[in-house]
Every structure is written in C-alpha cells, then in structure tokens.
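# Structure assessment
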2 protein chains.
Amino acid sequence: MLTKATVKLLQSLKDKKGRQEQGLFLVEGTKTVLELLASKIEVKSLFATQVWLTSHQQLLKSIDDCNTITDKELKQLSCLVTPQQVIAVAKIPQYQLSKIDFKNKFTIALDTIQDPGNLGTIIRIADWYGIENIICSPTCADVFNPKVIQATMGSFIRVNFFYHELNSFFEAHKNIMVYGALMNGENLYQTKISKEGFLLIGNEGSGISDDLLKYVSKPITIPKLGKAESLNAGVATAIICDAWARG
Amino acid sequence: MLTKATVKLLQSLKDKKGRQEQGLFLVEGTKTVLELLASKIEVKSLFATQVWLTSHQQLLKSIDDCNTITDKELKQLSCLVTPQQVIAVAKIPQYQLSKIDFKNKFTIALDTIQDPGNLGTIIRIADWYGIENIICSPTCADVFNPKVIQATMGSFIRVNFFYHELNSFFEAHKNIMVYGALMNGENLYQTKISKEGFLLIGNEGSGISDDLLKYVSKPITIPKLGKAESLNAGVATAIICDAWARG
C-alpha cells in the first residue's frame, strides 16, 4: 500500500518544478526500465505489479526500494494512457559541459524546441546516428518531462543533454562549423556535411532566433518538390543527420 | 448564440463515428482555414469570433453558414489546447482510387500507422516532396481525426488519401516496385530509388505485417551508426522520401 507522501512525490515528478526540487524523474515501461537498470543512471526506487517484480527479481538486487503496487495504483501514478507494469524513479544525471570536447564530433543544438514529442524524437534520431551530445537552449522543453522520456524510446539513456544559452555556447566554440536548417540556405544535396560540426535546429514555429543567425557558418535547406510550407523540426533534423551519415 | 444541436453536431465530429455519419470534419486555425477556403474541399459552415469574421469578410462570400461565436463557445468547441479564432466544418472529400494511375509516380502506402501525430507528419512529408497519393490500410488512424488534420499543417488539402486493404491493392498493382522500410534490407545509401514505386511503411511497434512482406520487391534499411533500436515511422518515411528525391 502506497503512502500519501509517496503518491505526492511521484505526482510532483510530472512537473518540472518537482523534478528540479527532487533531482528525480520518472521512467515507465518494461523495455525502457530494463535498459535503465543496465545503464549508469541511478535508479532510486521502483514501483511495479507483483507479477512484474517476481519475473524480474534477478535484476532488482541492487535496488533497495522496490514497491509492489496494484493495477489501480499504477493507473493513478502513470503518465501513460495505457499504463505499463512498472514505473522507475531515477536520479537526473548531471552531465558536465566543460568536460566535453566537441572536436571531431557532430553535435545537435536546439533553439527553443518546445514540443515534447519533437524533443523526444530528436533524441531518438541522435541515438540512431551515434550523435553523443545535444545542446538545448534553456527555452527548450525539459528532457526529463515524462512525455519526452517516452518519445525517446529509451534513447535518453545513451545521449547527453546540456541546457545552455546558445549565444555564449557558440561564442566559446567559434572554431567549429555551425550548420543551420534554414529556408534559403545551400541545397542539402549539394552540400558535404563535415564529420565535425554543430547542427542548429530552430523553433517549430519561428525557426532559428535572429540573434543566433550570425553563428550559422553554413545555412542548409532541404530541397522541396511539393507545396508544404515547412517540415516538422524532428523530420528536418533526421534528414540532415542522415545526409551527414551518408558523408 | 449556438444551439444545442449545433454544439452536439460539432462535438460528434471529434469521433470517427460522427464524422462517418455526417460526412464532415473539423479544421481549425486561421492559416489552415484560409488554405481550405481556397481549395476544392467544400466548406459547409464556419464558426469564428466577430473580429475574425470582420477581418476576413471578403473571403467568406461563398459560405452560407457563417456563425459568430464567443471565446467561451470557441473553447468549448475546439479540439486544441489553445483554441484559435476559427473552426470550419468541411465535407470529407471522396477520392476515387480507380481513377488514379500509379505509373510514373511515387506513392506512400501505410500499414497500420496508428498514431495521429505520425500520420499527420507523414502527410506533411508527402506534401513537401510532391507525393500526391497515400494508401492507408483500413487499420490506420483516421486522416480526418482533428489531431491528424492539425499535425498535417494544412497538407491534408494537397494530398489524396485512400483507405484500402493493402494485400488486394498490391495484388492489383504487381507491375510497380514496392520499397519496404525494414530492418534487414538493402543499405539505403547504396540503393537507387526509382521515380515510380510504392514506399511501404509498417506499424509503429510491429513493422510491416507478415502477410504484406511478399509484396515488398526491395527491402531497404536506413544505416544506423548508433544504438537506438528503431526510428519513428514518420522519421523513417522522411529519410526514404528524401533519398527518393535525391534520385
């Protein structure tokens, strides 16, 4: 039986304020929780049905705080429309930007990506292409929002995120090429994207902020054959990362 | 002042059953409604704030049924978290599959794409690349679901959709190449995608149905450099359509 305090704690993690205060976030579903347990991210506690706990006993030895919950409690705690059998509470990893060398790497920089689904999709794309780091402007959605975590399909475990003001970030990395997804750039099919660089993706509605344009060394455009005004931010990221991977 | 019957009608269009019974669907937001008014799709009625109606008077001459609504009514009728100023009720267009010649065209076929956001994104991708037609298995989400319409960003106006059982569809078009997005296919970067063909995209979780695999003449795979297990269905569609557009 869950205490009121526990329910309150878990509920609080659905909001950014609660996550920041506690330094914790929620992860749901068997597949992702198992990947989480095998990762470096620390799991603080686990809430699962009896059936789930019994069938995963071996993996749970290192977790002190395993709790049996009923289907009803699961439904109450879950952020999903169709709750799965397990919810983990994990510690928000603290990645240190100063320790990262961006040389010889391709890195995604996000300017105000606000839709949690888009942010999650972009993290999944980064993981697919082996892109290790994502720099998010402080105006981006919170990576540890349950909707983002869900949309990453486990990829949040393998990608590092840094929230940092992008002006000063680019100012500090002026020796690295910045590719910007823009409407009037160079034709993507005629551009060779170098192995080292930043890919800057702008906000869903308004694109790259005016004050960041000066850092874009190579504006690139995905050629359009039809009439849609734009592509979804996640889709544009995918197509450019794919062009980078093609080499 | 809206009548109860009108409110009930509009509410009913949020569900597939209501849309099928009435042959109508909802379109929200100034930008998309203006595109709709300029299209061949018939607008049956319009519900908008006084300010909106006044500023768009010239465009509304052909619409018999224009209704002024209050912000409160707008909020009640809207499917959006942040309602915009106008809601149109349009007639579901009836596209006739038998009239379409798939020769010399690239066409997307969707097997059980169930997430409305994914379906909407795929329609937007088709519109970007000038792909005219999408064949949806009857198990796909409904294109006229307000969430799909919203995610297309107006592209539903420029793309034709056909709901048809895919087995018999491919059986009837055996002379046209079917590219299938699969995990163990040919490397996309080493495959030339012909101008004419079908691109078959499978379900978000389970991929292409077993009974459709026999129709796939060329399985293709997007090379992976990292560790994500899969890509989102919309993202995979985009990368393959982009490879097709590159030629």
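Only a predicted model underlies this, so the values are computations on that prediction, with no experimental measurement involved.

## Brief notes about the environment of Thr112(A)
Residue and element names in this part refer to chain A.
- Looking at where threonine 112 falls in the secondary structure, it is placed in the loop between strand E5 (106-110) and helix H6 (116-128).
- With a relative accessible area of 15%, threonine 112 lands in the buried category.
- Put simply, threonine 112 and cysteine 241 are 129 residues apart on the chain and 19 Å apart in space, counted from C-alpha to C-alpha.
- With sequence-adjacent residues up to four places away left out, threonine 112 is seen in contact with Ser137, Thr139, Cys140, Asn203 and Glu204.
- A distance of 2.8 Å separates polar atoms of two side chains, one belonging to threonine 112 and the other to aspartate 111.

## Things to note about the interface of chain A and chain B
- Facing the 32 residues of chain A at the interface are 32 residues of chain B.
- Per-residue buried area on chain A facing chain B is highest for Trp128(A), Tyr189(A) and Arg246(A); these three make up 28% of the total on that side.
- At the junction of chain A and chain B, the tally comes to two salt bridges.
- Here Lys31(A) makes a salt bridge to Glu229(B), at a shortest N to O gap of 3.3 Å.
- When contributions to the side of chain A that touches chain B are tallied by element, the ones reaching two or more residues are H6 and helix H10 (233-246) of chain A.
- Broken down by element, the residue count for the side of chain A that touches chain B peaks at eight residues, all from H10(A).
- Its residues placed into classes, the side of chain A that touches chain B shows 17 nonpolar, six polar and nine charged.

## Re the relation of the copies chain A and chain B
- Overlaying chain A on chain B yields an RMSD of 0.0 Å, the required transformation being a rotation through 180° with an accompanying axial translation of 0.0 Å. Taken together, the rotation angle and the small translation identify this as a two-fold axis.
- Interface residue correspondence from chain A to chain B reaches 100%, placing this contact among same-surface, isologous pairings.

## Section: the sheet that holds strand E7 (residues 160-163) of chain A
Residue and element names in this part refer to chain A.
- With respect to topology, six strands assemble into an open sheet ordered E7-E6-E5-E9-E8-E10, the strand pairing being parallel. Across the chains shown, the open sheet's two edge strands, defined by having one partner strand only, are E7 and strand E10 (218-221). Strand after strand, the sheet turns through a mean of 35° between neighbouring axes, direction not considered.
- As paired elements, E5 and strand E6 (residues 133-136) share three bridges and run parallel to each other. Looking at the pairing, alanine 109 lines up with isoleucine 135 of E6.
- Across the sheet, H6 lies against E5, E6 and E7, angled at about 175° from E5, the strand it touches most.

## Considering the domain arrangement of chain A
Residues and elements named next belong to chain A.
- Each domain of chain A was delimited in the assignment, giving domain 1 (4-91) and domain 2 (97-246).
- Each side of the interface is counted separately: domain 1 has 15 residues, and domain 2 has 11 residues.
- Across the interface of domain 1 and domain 2, roughly 1,000 Å² is buried in total on both sides, 64% from carbon and sulfur atoms.
- Among the residues of domain 1 in contact with domain 2, Arg19, Phe25 and Glu35 are the three that bury the most area, contributing 39% of the side total.
- Our enumeration of links across domain 1 and domain 2 arrives at two salt bridges.
- Scanning the region where domain 1 abuts domain 2 turns up three residue pairs in polar contact (both at pLDDT 80 or more).
- If you list the elements that add at least two residues to the side of domain 1 that touches domain 2, you get helix H2 (16-22), strand E1 (24-28) and helix H3 (30-37).
- Of the residues forming the side of domain 1 that touches domain 2, the biggest block, four residues, is contributed by E1.
- For the side of domain 1 that touches domain 2, a count of residues per class yields eight nonpolar, two polar and five charged.

The rules behind these values
- Residues numbered from 1 in each chain as written.
- Chains lettered and ligands numbered in written order.
- Predicted model: local features only at pLDDT ≥ 70, side-chain atom pairs only at ≥ 80, totals over all residues.
- Heavy atoms only, no water.
- Helix = DSSP H or I, 4+ residues; strand = E, 2+ residues; numbered from the N terminus.
- Buried < 20%, exposed > 50% of the residue type's maximum accessible area, 1.4 Å probe, protein only.
- Contact = heavy atoms within 4.5 Å.
- Polar contact = N/O pair within 3.5 Å; in protein donor to acceptor, adjacent residues only side chain to side chain.
- Buried area = accessible area lost by both parts, 1.4 Å probe.
- Salt bridge = Lys/Arg side-chain N within 4 Å of Asp/Glu carboxyl O.
- Nonpolar A, V, L, I, M, F, W, Y, C, P; charged D, E, K, R; others polar.
- Least-squares fit on C-alpha atoms with pLDDT ≥ 70 in both.
- Pairing = 2+ DSSP bridges.
- Axes fitted to C-alpha atoms, helices over the stretch in contact; angles between N-to-C directions.
- Domains from an automatic or database assignment.

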